[in-house]
Amino acid sequence: FNIILKFWLMQKTQETNKSHKDWERRKIKSIFVQKTDSANINNNHNMKSKILSLAIIIAITIIALYCVLSGPETIILHWNIGGEAESYGSKYLILTLPVISFIVFLLIVNQEKHPYDTSLMSEKSRKNRNPKALRDIMPILLLAILYITACSVQIISMSSLVPFSLIIIAIILFIYKSRKSINQ
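Computed from a prediction, not measured in an experiment: that's the story for all the values here.

**Some remarks on helix α2 (residues 96-113)**
Every α-helix winds through 3.6 residues per turn, so residues three or four apart in the chain are directed the same way.
Line of reasoning, step 1. Compared with the 26 Å implied by 1.5 Å per residue over 18 residues, the 26 Å span of α2 between its first and last C-alpha is a close match.
Line of reasoning, step 2. Of all the positions in α2, only L97, P98, S101, F105, I108, V109, Q111 and E112 are classed as buried. The arc that holds every buried residue of α2, seen down its axis, measures 160°, which confines them to one face. The outward face of α2, more than 90 degrees from its buried face, is lined by the exposed residues L107 and K113.

**What about the confidence of the model for the protein chain?**
Line of reasoning, step 1. In the predicted model, the protein chain carries a mean pLDDT of 78, and 64% of its residues have values of at least 70.
Line of reasoning, step 2. Confidence over residues 35-39 falls short of pLDDT 50; this stretch has zero contacts with residues more than four positions distant or in other chains.

**Comments concerning the side chain of K91**
Line of reasoning, step 1. Structurally, the position occupied by K91 is in the loop between β2 (85-90) and α2.
Line of reasoning, step 2. Engagement of the side chain of K91 in a polar contact is seen with the backbone oxygen of V68, the distance being 3.1 Å.
Line of reasoning, step 3. When residues no more than four places from it in sequence are discounted, the contact partners of K91 are C67, V68, G71, P72, E73, T74 and I75.

**Overview of the pairing of strand β1 (residues 74-79)**
Line of reasoning, step 1. Sheet topology note: the β1/β2 ladder contains five bridges and is antiparallel. Along β2, the bridge assignment pairs T74 with S90.

**A short note on the environment of I137**
Line of reasoning, step 1. Of note, I137 is situated in helix α4 (residues 131-152).
Line of reasoning, step 2. Counting along the chain gives 29 residues from I137 to L166, while the straight-line C-alpha distance between them is 9.7 Å.

**Observations regarding the nonpolar core**
Line of reasoning, step 1. I60, I94, L142 and V153 are the most contacted members of the largest nonpolar core, which totals 19 residues.
Line of reasoning, step 2. Only α1 (2-70), α2 and α4 provide two or more residues apiece to this core.
Line of reasoning, step 3. Ranked by residues supplied to this core, first place goes to α1 with seven residues.
Line of reasoning, step 4. Excluding residues within four positions of it along the chain, V153 makes contact with I63, C67, P72, I75 and I94.

**Considering unusual backbone geometry**
Line of reasoning, step 1. In the Ramachandran plot, Q154 falls in the positive-phi region, its phi being about 65° despite a non-glycine side chain.
Line of reasoning, step 2. Since its relative accessible area comes to 43%, Q154 is described here as partly exposed.

**Some thoughts on the pattern of salt bridges**
Line of reasoning, step 1. Using the criterion set out here, one finds two salt bridges in the structure.
Line of reasoning, step 2. Where E73 meets K91, a salt bridge forms, and the shortest distance between an N and an O atom there is 3.3 Å. On the criterion of sequence distance, the pair formed by E73 in the loop between α1 and β1 and K91 in the loop between β2 and α2 is long-range, its members being 18 residues apart.
Line of reasoning, step 3. Notably, a salt bridge pairs D136 with K177, separated by 3.4 Å at the nearest N-O pair. With D136 in helix α4 and K177 in helix α5 (residues 161-183), the pair connects residues that are 41 residues apart, well separated along the chain.
Line of reasoning, step 4. When its relative accessible area of 13% is taken as the criterion, D136 is described as buried.
Line of reasoning, step 5. A relative accessible area of 24% places K177 in the partly exposed class.

**Thoughts on the layout of surface pockets**
Line of reasoning, step 1. In this structure, the second largest pocket occupies an estimated 240 Å³ of space.
Line of reasoning, step 2. Forming the boundary of the second largest pocket are 13 residues, of which W79, I148, M158, P163 and F164 lie nearest the centre.
Line of reasoning, step 3. For the lining of the second largest pocket, the secondary structure elements donating two or more residues are β1, α4 and α5.
Line of reasoning, step 4. Among the residues making up the lining of the second largest pocket, the classes are represented as 10 nonpolar, three polar and no charged.

The rules behind each value
- All residue numbers here refer to positions counted from 1 along the written sequence of the relevant chain.
- Only residues with pLDDT of at least 70 get local features here, since the model is predicted, and only at 80 or more are side-chain atom pairs given and counted; chain-wide, interface and lining totals rely on the full set of residues.
- Processing note: side-chain calculations cover all non-hydrogen atoms of the structure and skip hydrogens and water entirely.
- A helix here means a DSSP run of H or I that spans at least four residues, while a strand means a run of E at least two residues long, and both kinds are numbered starting from the N terminus.
- Any helix carries an expected span of 1.5 Å times its number of residues minus one.
- Exposed residues in this analysis have more than 50% of their type's maximum accessible area, buried residues have under 20%, and partly exposed residues fall in between, with area computed by a 1.4 Å probe over protein chains only.
- Each C-beta atom gives one direction from the helix axis, and the arc is the one those directions make.
- As a per-residue measure, pLDDT reflects the predictor's confidence and takes values from 0 up to 100.
- Note on definitions: a residue-residue contact is assigned when non-hydrogen atoms from the two residues lie within 4.5 Å.
- Whenever a nitrogen or oxygen atom comes within 3.5 Å of another N or O atom, the pair is scored as a polar contact, on the condition that within protein one atom can donate a hydrogen and the other can accept it, and that pairs from neighbouring residues in sequence are kept only if both atoms are in side chains.
- One bridge is not enough; two strands pair if DSSP finds at least two bridges between them.
- Think of a nonpolar core as a cluster: buried Ala, Val, Leu, Ile, Met, Phe, Trp, Tyr and Cys residues, connected wherever their side-chain atoms sit within 4.5 Å.
- Salt bridge, as used here: a side-chain nitrogen of Lys or Arg that lies within 4 Å of a carboxyl oxygen of Asp or Glu.
- Within this scheme a cavity is a closed region of a 1 Å grid, computed over the protein atoms alone, that accommodates a 1.4 Å probe without allowing it to escape, whereas a pocket is open but has protein on both sides within 12 Å along at least five of seven lines; lining residues each have an atom within 4 Å of a point.
- Grid points are joined across faces, edges and corners, and a volume is the space filled by probe spheres set on the points.
- Gly falls in the polar group here, along with every residue not listed as nonpolar (Ala, Val, Leu, Ile, Met, Phe, Trp, Tyr, Cys, Pro) or charged (Asp, Glu, Lys, Arg).

Okay, structure coming up:
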């Protein structure tokens, strides 16, 4: 009877160990799949943001090249708060806007890849920063530059409300995304 009892207990222990190992494998696999899915979603969102930003930069470049090749001889350099032109300059100055846009794009992409390399902040401040929040507002900032470019070459008229609104939206989104990442 003792032998039968020991044999039965060994089988039950093996079955329990096997089911426990299967449960652990399923749990590890589900955690891995969840992390992979969230990483894929983040990468997909990251790629969409970059593609949208590059499309906006291309639009800025096309407008600038149009102006240089066949646009007016002067462009608007500054507007007052009412949207009226205050100063004018050479049409070749419009070429600075695509360059500025591309530099902003490269700086934000670099900051996301290397968030702590260029920071002069304290360690605590660096840990609270969210470079992905910059990536999320990049298309909005580039839209503001696109609007200013189109207004400079007089394709559309300037309304000071538009760039200010875009900048305010970018600031609010940045604060929201930064606080959301700190709370997680």
